[in-house]
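# Architecture and fold: a report
Single-letter residue listing:
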Amino acid sequence: MSRSEAAAGGPSSQAADAVAAVALDLPTAAATRALGRRLGELAQPGDLLILSGELGAGKTTLVQGLGEGLGVRGRVSSPTFVIARHHPALGGGPGLLHVDAYRLDGLGQLDALDLDADLEDSVTAVEWGAGLAERLSAERLEVKLERPRGAQAGRAGTGEARRAELRGIGRRWRDLPAQLRAR
Ligand SMILES: Nc1ncnc2c1ncn2[C@@H]1O[C@H](COP(=O)(O)OP(=O)(O)O)[C@@H](O)[C@H]1O
Ligand SMILES: [Mg+2]
């Protein structure tokens, strides 16, 4: 797994908008799931993950791993009609709030889900959340999943390889690059 990373340094690293960035190659679905599992092991109540990437990029696959890492009840799936599903923790840790914003039509509908009570106690993962779910928390982990393009990947969009770009915003995520390295 190759990595490149850059953590914002200097005085601004104390600020809520400090950014820690990590890029990861995910050669297989299992690797994406394993990244989710690792994030689940590191998770704390109140964490917000915002997932972006086109259909089939691997967002739900990552959330399945997240659920495994957290140790929650129920199978994490792509909800067809359900927009938000809460998976309670089996042990003492936080549960998983899995939101798929694909069918959400803007901020009003997100507010209508009334997630606030669950947000504090759970780890929240929002698929298709970019541009929408940032308002839920000043501190958040943005995960962008992509199929690599160009010669190395063969024909664009074929094959299993994915690339993840993680951007941790806020002090909460400051140590994420080191934590992911310490496998
Ligand atoms: N490296 C990879 N990471 C994630 N999924 C992959 C990868 N390679 C192949 N896949 C497959 O691509 C599909 C991704 O689907 P899914 O996770 O539901 O995507 P999304 O939620 O972004 O629409 C799954 O069938 C998965 O097995
Ligand atoms: Mg999905």
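Residue numbers restart at each chain and count upward from 1, following the sequence in its written direction. Going through the entries in the order they are written, you letter the chains from A and number the ligands from 1. In keeping with the model being predicted, local features are shown solely for residues with a pLDDT of at least 70 and side-chain atom pairs are shown and tallied solely at 80 or more, while totals for entire chains, interfaces and linings include all residues.

Attention now goes to unusual backbone geometry. At aspartate 114, a residue that is not glycine, the phi angle is positive and equals roughly 55°. Along the chain, the position of aspartate 114 falls in the loop between helix 3 (107-112) and helix 4 (116-121). Partly exposed residues are those whose C-beta has more than 12 but fewer than 20 other C-beta atoms within 10 Å; 20 or more makes a residue buried and 12 or fewer makes it exposed, with C-beta atoms placed from the backbone. The exposure class assigned to aspartate 114 is exposed, which follows from the 9 C-beta atoms found within 10 Å. Positive phi outside glycine occurs at tryptophan 128, with the angle close to 60°. As for its placement among the helices and strands, tryptophan 128 is situated in the loop between strand 6 (123-127) and strand 7 (140-146). C-beta crowding within 10 Å serves as the criterion here: with 20 such atoms nearby, tryptophan 128 is assigned to the buried category. A run of H or I in DSSP becomes a helix once it reaches four residues, and a run of E becomes a strand once it reaches two; helices and strands are each numbered from the N terminus.

Think of a nonpolar core as buried Ala, Val, Leu, Ile, Met, Phe, Trp, Tyr and Cys residues chained together by C-beta atoms that fall within 7 Å. Judged by nonpolar contacts, the single largest core of 38 residues is most densely connected at Leu51, Ala125 and Val143. Of all the secondary-structure elements, those providing two or more residues to this core are strand 2 (19-26), helix 1 (29-42), strand 3 (48-52), helix 2 (59-70), strand 5 (96-100), strand 6, strand 7 and strand 8 (162-169). Apart from the residues lying within four places of it in its own chain, the contact partners of valine 143 are Leu49, Ile50, Leu51, Leu62, Ala164 and Leu166. Whether two residues are in contact depends on their C-beta atoms, placed from the backbone: they are in contact if these lie within 7 Å.

With that settled, the discussion passes to the pairing of strand 3. Of all five residues in strand 3, four are buried, a share of seventy percent or more. For two strands to pair, DSSP has to find at least two bridges joining them. Relative to strand 6, strand 3 runs parallel, the two sharing four bridges. Opposite leucine 48, over in strand 6, you have threonine 124 as the bridge partner. Judged from the four bridges that link them, strand 3 and strand 7 form a sheet pairing that is parallel. In the sheet register, serine 52 faces strand 7, and the bridge partner there is lysine 144.

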